[in-house]
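Coordinates in review
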Amino acid sequence: MKQKRLVLALALACAAASAADWPIHRGNLYFTGNNDDVLPATNRVYFTLKADSAIRYPAVADGFLYFSTARGWIYAIDEETGDIRMKRFFGPKLDRPLLVTGNRLVCGGGHRVTAYERRRGGVLWTRELLEDLDGFLTAETAQLYLTTTRHFHVLAMPDGKDVRPGLEQESCGGFPVPAGPALFQVAGGAQRPIVLALNKADGQAKWRQALNPGTAQTPPLAFRDRVYVISGTTLM
């Protein structure tokens, strides 16, 4: 019964967001969860659907609702009818939020990243990494940015190959946020958190700033010529 209520909530959410895509968990790089385009006019229930296990990380794009489950399945649902249009098994280590970009649905977990054709579910490419993913997937134009426990990677979206070899970074993690020629992220774990500004061209750190121990691993906000970071109860 708990699962059914969760899917019902997703149905209402996707109906409300139909005027604009919601291509990643909570809608955007900064996890705002906001959609200013539309408001649900009523509490109409469009559909209910019971998945194989607990549902995680919904995303919406071009009339489809995508989500993963705790057992490692990926679903594509028609947002109007609730019909299952695609269902694929990634594996039990699927634990990263889904990313919809272009005609691809990119999924990750453990040390593997896979890009599917997002409507039919065909595998476009799979990339095995040396370490487990640590953080979230971020895409910009034809490139995919990701971090593992020790390396920063830039992959070509068409084939999953390295745009450049993985660059070793101290305790990467976080959620790379692209802004102009740089990528910003909070990394280092709870004991030694830092803000890193990485050069997109070569992955080298342009600058770094230490944060207070215990800082939550939330994405920085890059706007114009400033980067805003939450450090405990402090806004920097």
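Residues numbered from 1 in each chain as written. Predicted model: local features only at pLDDT ≥ 70, side-chain atom pairs only at ≥ 80, totals over all residues. Heavy atoms only, no water.

1. Structural notes on the sheet that holds strand S3 (residues 73-78)
As a reminder, the rule being used: Pairing between strands is defined by DSSP: at least two bridges between the two strands are required. The numbering of helices and of strands both runs from the N terminus, where a helix is a DSSP run of H or I of at least 4 residues and a strand a run of E of at least 2. To get an axis, fit a line to the C-alpha atoms, keeping to the stretch in contact for a helix; angles then go from 0 to 180 degrees between the N-to-C directions.
Strand order across the open sheet formed by 4 strands is S1-S2-S3-S4, with antiparallel pairing between neighbours. The open sheet has two free edges, formed respectively by strand S1 (55-61) and strand S4 (84-89), since each of these has just one partner strand. On average, each strand axis in the sheet is inclined to that of its neighbour by 15°, with strand direction left out of account. As paired strands, S1 and strand S2 (residues 64-69) are joined by 5 bridges and run antiparallel to one another. Within S2, the position partnered with Arg56 by the bridge is Ser68.

2. Structural notes on the sheet that holds strand S8 (residues 123-128)
The strand order S5-S6-S7-S8 describes an open sheet built from 4 strands, whose pairing is antiparallel. Looking along the sheet, the strands with just one partner apiece sit at the ends: strand S5 (99-101) and S8. Sheet twist, expressed as the mean angle between neighbouring strand axes with direction ignored, is 20°. For strand S6 (residues 104-109) and strand S7 (residues 112-117), the ladder comprises 6 bridges, and the chain directions are antiparallel. By the bridge assignment, Arg104 is partnered in S7 with Glu117.

3. A short note on the nonpolar core
Spelled out, the test is: The set of buried Ala, Val, Leu, Ile, Met, Phe, Trp, Tyr and Cys residues whose side-chain atoms join them within 4.5 Å is what this entry labels a nonpolar core. Accessibility here uses a 1.4 Å probe with only protein chains present; expressed as a share of the type maximum, an area under 20% marks a residue as buried, one over 50% as exposed, and anything in between as partly exposed. In what follows, residue pairs with any heavy atoms lying within 4.5 Å of each other are defined as contacts.
Grouped together as the largest cluster of nonpolar side chains are 14 residues, with contacts concentrated most on Tyr66, Ile74, Leu105 and Cys107. Contributing elements (two or more residues each) for this core: S1, S2, S3 and S6. If we skip the residues at most four places from it in the chain, Leu105 touches Tyr66, Ile74, Met86, Leu98, Leu99, Val100, Thr114, Ala115, Tyr116 and Arg118.

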